[in-house]
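Summary of structural features
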Amino acid sequence: MTEFSDRALMRRVAAGEEPAFTTLVDRYGPRLFVVARRLLGSPADAEDAVQRTLLRCLTGARSYRPAWAVSTWLYRILTNVCIDQMRRRGPAEAWRRSASRDGAAPDGRQAGGGGRRSRAIARIDAADRIHRRLDLDRALARVPREARLLLALRYADGLSYSELARARGISINTVKSQLARGKSILRAALEGE
Amino acid sequence: MTTHDDRSLDLLLVAHFRPAVAPADLASGVLTRARSDAARARDLMRRLHVEATPHGIARVDLGKGAPGTSGSNASARRLADQGWEELRQYFEGRRTFFDVPVDLDATPEFQRRVLTTAVTIPYGEARTYSWVADHAGNPRAVRAAGTALGRNPVPFIVPCHRVLRTGGGLGGYYFGLPMKEWLLDLERHTPILEGSATTRIVCRLGCSASPRIRPENRVVFAAVEDARSVGYRPCRVCRPGRTTGVA
């Protein structure tokens, strides 16, 4: 199948071509999903947010302007959806939910190779990973919403300062100061506990 | 205790935000949802009737009589048209409060108190029947409050769908429980604050002073303080943050 560029794909989505929409979802689904998952905590909430994002992408495809990178445009919609969902739920609850989920099903479960020793190491590794992840989840919950959102986009997809500014409708200087502030809160939270 | 220099924090964050496997049937789920949402909004507007007096909206109904608007004179008809348009925006998730006045003069006194109490329940939130009875000035009249809400002549605008049973049960609804559930879900997923990336002003969703924000300039905020922290100022007309979401 021909590889369409993002913008060509959006033209086809706007023209109502469902296969083009499916291709777009395959291309961006995983990245949108991880941002939503980390911002909202639960996989079910993340799936719902991504569905809503894609729904708005589909119904608003005609308002898409090629001056925008498709990814930036999608992140604008996704952050609009997620930030509103974050309003309803305090950060404390978000990390508590993600903490109990990760504790119940450690993702290092299949990491063990053969032998008792390597299984033991794998267990320690997995425990360490989970421990660090919980620390980070907890630390992220302390970062104010707007900064947390920018950190998520920056690290999930490597968005540049100007892409972040555009995705969130703010100035580049604000992006820089928000990221710096977010990281210093993170650092303090990780080291201070 | 570990120290986190810039590089180790970066690595930690990159690992934290690495792409996850998206649910398999994402695209088809969205396509199905798009069809049903559009059908629902179209269906509602085909059945909606709004009636006004010169003082405000006196009746909103679905499916009885011809759809459209009616009023006894020109100013009543203007109000009815305004109510119709605001309801359309509300159903489409583009409005979270109503500017149009309501006329409850024809309703009995207790019912009027119950309905004006219900109006104070913010968009996206819910209260119980006993809360309404209490705030309407008669804590023991819980059942009567329920009946008064059930006979609400201006549903949606007076949000009787935001009243639930103690313990979280849906209670009743004149248009049926699926409709009540749909409205609560709509409100749960409609943002209440939106800003314009060009003017850097943040408004309540549906503010009459903000010209329609173009989709590419629309930025949602969770709180007025969040918007301020990234350089937006609150609109002076709809004054977000100072009201509870009530017209």
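What follows is about the interface of chain A and chain B. Where the parts come together, the accessible area they lose is often given as the size of the interface. The interface is formed by 49 residues belonging to chain A together with 39 residues belonging to chain B. At the level of secondary structure, the elements contributing two or more residues to the side of chain A that touches chain B comprise α2 (18-40), α3 (43-59), α4 (70-88), α6 (116-141), α7 (145-157) and α9 (172-192) of chain A. When residues of the side of chain A that touches chain B are assigned to their parent elements, the largest contribution, eleven residues, is made by α2 of chain A. Within the side of chain A that touches chain B, the residues separate by chemical class into 21 nonpolar, eleven polar and 17 charged.

Turning our eyes to something else, we now look at the sheet that holds strand β2 (residues 56-62) of chain B. Residue and element names in this part refer to chain B. Ordered by their spatial adjacency, three strands build an open sheet running β2-β1-β3, and the pairing between neighbours is mixed. A strand with exactly one partner marks an edge of an open sheet, and here the two such strands are β2 and β3 (68-71). Shown here is a sheet whose adjacent strand axes are inclined to one another by a mean of 20°, direction ignored. Examined bridge by bridge, strand β1 (residues 48-53) and β3 share four bridges and lie parallel to one another. Considered in β3, the bridge of Glu-51 is made with Ser-70. Sheet contacts for helix α3 (residues 74-91): β1, β2 and β3; angle to β1, the most-contacted strand, approximately 145°.

With that out of the way, let us pick up the packing of α2 of chain A against helix α2 (residues 26-47) of chain B. Viewed as axis vectors pointing N to C, α2 of chain A and α2 of chain B meet at an angle of 130°, and their least axial separation amounts to 9 Å. Considering their axes alone, α2 of chain A and α2 of chain B lie oblique with respect to each other. Handedness of the α2 of chain A/α2 of chain B crossing: right-handed. On α2 of chain B, the residues that touch Glu-18, Phe-21, Thr-22, Val-25 and Gly-29 of chain A of α2 of chain A are Leu-26, Ala-27 and Leu-31 of chain B. Considering only residue class, the contact of α2 of chain A with α2 of chain B consists of five nonpolar, two polar and one charged.

A few words now on the nonpolar core. Core analysis: the biggest nonpolar cluster contains 112 residues, and Ala-36 and Leu-153 of chain A together with Ile-57 of chain B have the highest contact counts within it. Those residues in contact with Leu-153 of chain A that lie beyond four places of it in its chain are Val-35, Tyr-75, Leu-159, Leu-164 and Ala-167 of chain A.

Okay, the sheet that holds strand β8 (residues 218-221) of chain B next. Taken together, the four strands give an open sheet; going across it, the order is β8-β6-β7-β9 (chain B), and neighbouring strands pair in mixed fashion. In this open sheet, the two edge strands, each paired with only one partner strand, are β8 and β9 (233-234) of chain B.

Rules used throughout
Residues numbered from 1 in each chain as written. Chains lettered and ligands numbered in written order. Predicted model: local features only at pLDDT ≥ 70, side-chain atom pairs only at ≥ 80, totals over all residues. Contact = placed C-beta atoms within 7 Å. Helix = DSSP H or I, 4+ residues; strand = E, 2+ residues; numbered from the N terminus. Nonpolar A, V, L, I, M, F, W, Y, C, P; charged D, E, K, R; others polar. Pairing = 2+ DSSP bridges. Axes fitted to C-alpha atoms, helices over the stretch in contact; angles between N-to-C directions. Parallel < 35°, antiparallel > 145°, perpendicular 65-115°, else oblique. Left-handed = near helix turned anticlockwise from the far one by under 90°. Core = buried A, V, L, I, M, F, W, Y, C linked by C-beta atoms within 7 Å. Buried ≥ 20, exposed ≤ 12 C-beta atoms within 10 Å, placed from the backbone.

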